[in-house]
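Notes for the structure review
The chain contents come next:
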Amino acid sequence: MADTAPSSRHAGGLTVDFETNCYENDWPIVLGRHYLRVVLDRCAYPFSRRRLIINNVRKRRPVEAAAKAAIARGHLDEYLFVEDNADAALDFFQVDRASLGRGYLYSISELVGIHASTADYLLYYKGDSYPNRRHRWIDPAIQLMEGRSDLVVANLCWNDRFDEARSESFDRAGEFLVGYGFSDQCFLAKMSVLRAPIYNEQNPASARYPDYAGDSFEKRADAYMRNHEAKRLTHGSQSYTHKNVPKGGMARILRRLRPFA
């Protein structure tokens, strides 16, 4: 479902989409009146399209109604249900569904989202992640990635763990630390690289990802990047927050809403 909102462009003529996802436990948060409004404001960027990927919900009708309301409020341009788009995305990326195993539910939203976007860059936040404050970091990150073929993704630091980010980096470029690694919690992706059939490689360093997610999207992206010496930029002073929403975790849901009131 999409509207016909006009495209916005990066100063260099490049298009940048925004995406996030939701599922049964967190769609009331993501599609509430405050979450998208504040997340988008903190991104401080005129995105070409703002897209929601909806996965694994019990009843489509109330979620679709909430998504349409978010479009009417001006917080989204379109939404997609994973079940309607998964086969096309898997075919495009040449990924066998069975190979994802138990990682399917942890991976398919991102694969559908990347397949759906035809922008030059895509900023993706998982529905349980959000930027801590408003900061204009997207343009500087894109300028660096446009200038170097080995820079493929960028992200804010995770959960204010700046010391950890510095320890994992080996260089610096402007406001950013340069190193290896990939996280599906937050990524600004160079789509000429990530929107391609690159997700069937392995690397020993990628075994660090949690076993419960199987051969997940982020594990596969990390393996490709390491095999091809593709690097990521991590902001040296700005962070996002990631908090899992447990099944039936209404108390945590309510706590998470407070920053967005």
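It should be emphasised that the depicted structure is a prediction, and the values quoted were computed from it without experimental measurement.

A word on a nonpolar patch on the surface. Taken together, Leu105, Tyr106 and Tyr212 make up a surface patch of nonpolar side chains, about 330 Å² in accessible area. Along the chain, Tyr212 turns up in the loop between helix H9 (191–194) and helix H10 (217–227). Classification of Tyr212 as exposed rests on a relative accessible area of 51%.

Among the secondary structure elements, Asp128 is positioned in the loop between strand S4 (121–125) and strand S5 (129–131). For Asp128, a relative accessible area of 12% translates into the label buried. Each C-alpha atom, one on Asp128 and one on His242, is 5.7 Å from the other, the two residues being 114 residues apart in sequence. At 3.3 Å, the side chain of Asp128 and the side chain of His242 are in polar contact.

This part is about the side chain of Ser107. With respect to the helices, strands and loops of the structure, Ser107 is situated in helix H6 (residues 104–116). A distance of 2.8 Å separates a polar atom in the side chain of Ser107 from the backbone oxygen of Gly103. Only 2.7 Å separates the side chain of Ser107 from the backbone nitrogen of Phe217, close enough to count as a polar contact. Setting aside residues up to four positions removed in sequence, Ser107 forms contacts with Leu100, Ser216 and Phe217.

Another aspect to go through is the pairing of S4. Most of S4 is tucked away: 5 of the 5 residues are buried. Of the two faces of S4, the one holding Tyr121, Leu123 and Tyr125 and the one holding Leu122 and Tyr124 are both buried throughout. Sheet topology note: the S4/strand S9 (residues 186–190) ladder contains 5 bridges and is antiparallel. Residue pairing in the sheet places Tyr125 in a bridge with Cys186 of S9.

Taken as a whole and assessed by the stated rule, the structure comprises 20 salt bridges. Of the charged contacts, one joins Arg58 and Glu24 as a salt bridge, the two residues approaching to 3.0 Å between their closest N and O atoms. Pair noted here: Arg58 is in the loop between strand S2 (50–54) and helix H3 (60–72) and Glu24 is in the loop between strand S1 (16–22) and helix H1 (27–30), with a separation of 34 residues, a long-range link. Exposure remark for Arg58: the relative accessible area of 65% places this residue in the exposed category.

Tracing the sequence through the fold places Asp17 in strand S1. The buried category is assigned to Asp17, whose relative accessible area is 3%. Look past the residues within four positions of Asp17 in its chain and what remains in contact with it is Phe47, Ser48, Arg49, Arg51, Ser117, Thr118, Ala119, Tyr121, Leu122 and Leu123. In this structure the side chain of Asp17 is engaged in a polar contact, spanning 3.2 Å, whose partner is the side chain of Arg51. Within polar-contact distance, the side chain of Asp17 engages the side chain of Ser117 at 2.8 Å.

A word on H3. Over its 13 residues, H3 runs 18 Å from end to end, which matches the ideal 18 Å to within 8%, given 1.5 Å per residue. The elements touched by buried residues of H3 are H1, helix H2 (35–43), S2 and strand S3 (78–81). At the exit of H3 stands Gly74, carrying a positive phi of roughly 85°.

Moving on to the pairing of S3. Residues in a regular strand project their side chains so that they alternate between the two faces of the sheet. Residues Glu78 and Leu80 point to one face of S3 and Tyr79 and Phe81 to the other, with burial holding for every one of them. Bridge count between S2 and S3: 4 bridges; the pairing is parallel. Across the sheet, Arg51 pairs through a bridge with Glu78, a residue of S3. Remark: the S2/H3/S3 crossover connection has right-handed handedness.

What counts, and where the lines are drawn
Residues numbered from 1 in each chain as written. Predicted model: local features only at pLDDT ≥ 70, side-chain atom pairs only at ≥ 80, totals over all residues. Heavy atoms only, no water. Patch = residues over 30% accessible without salt bridge, like charges linked within 9 Å, V, L, I, M, F, W, Y side chains within 5 Å. Areas by Shrake-Rupley, 256 points an atom, 1.4 Å probe, with all protein chains shown as cover. Salt bridge = Lys/Arg side-chain N within 4 Å of Asp/Glu carboxyl O. Helix = DSSP H or I, 4+ residues; strand = E, 2+ residues; numbered from the N terminus. Buried < 20%, exposed > 50% of the residue type's maximum accessible area, 1.4 Å probe, protein only. Polar contact = N/O pair within 3.5 Å; in protein donor to acceptor, adjacent residues only side chain to side chain. Contact = heavy atoms within 4.5 Å. Pairing = 2+ DSSP bridges. Expected span 1.5 Å × (residues − 1). Right-handed = clockwise from strand over helix to strand, strands pointing away.

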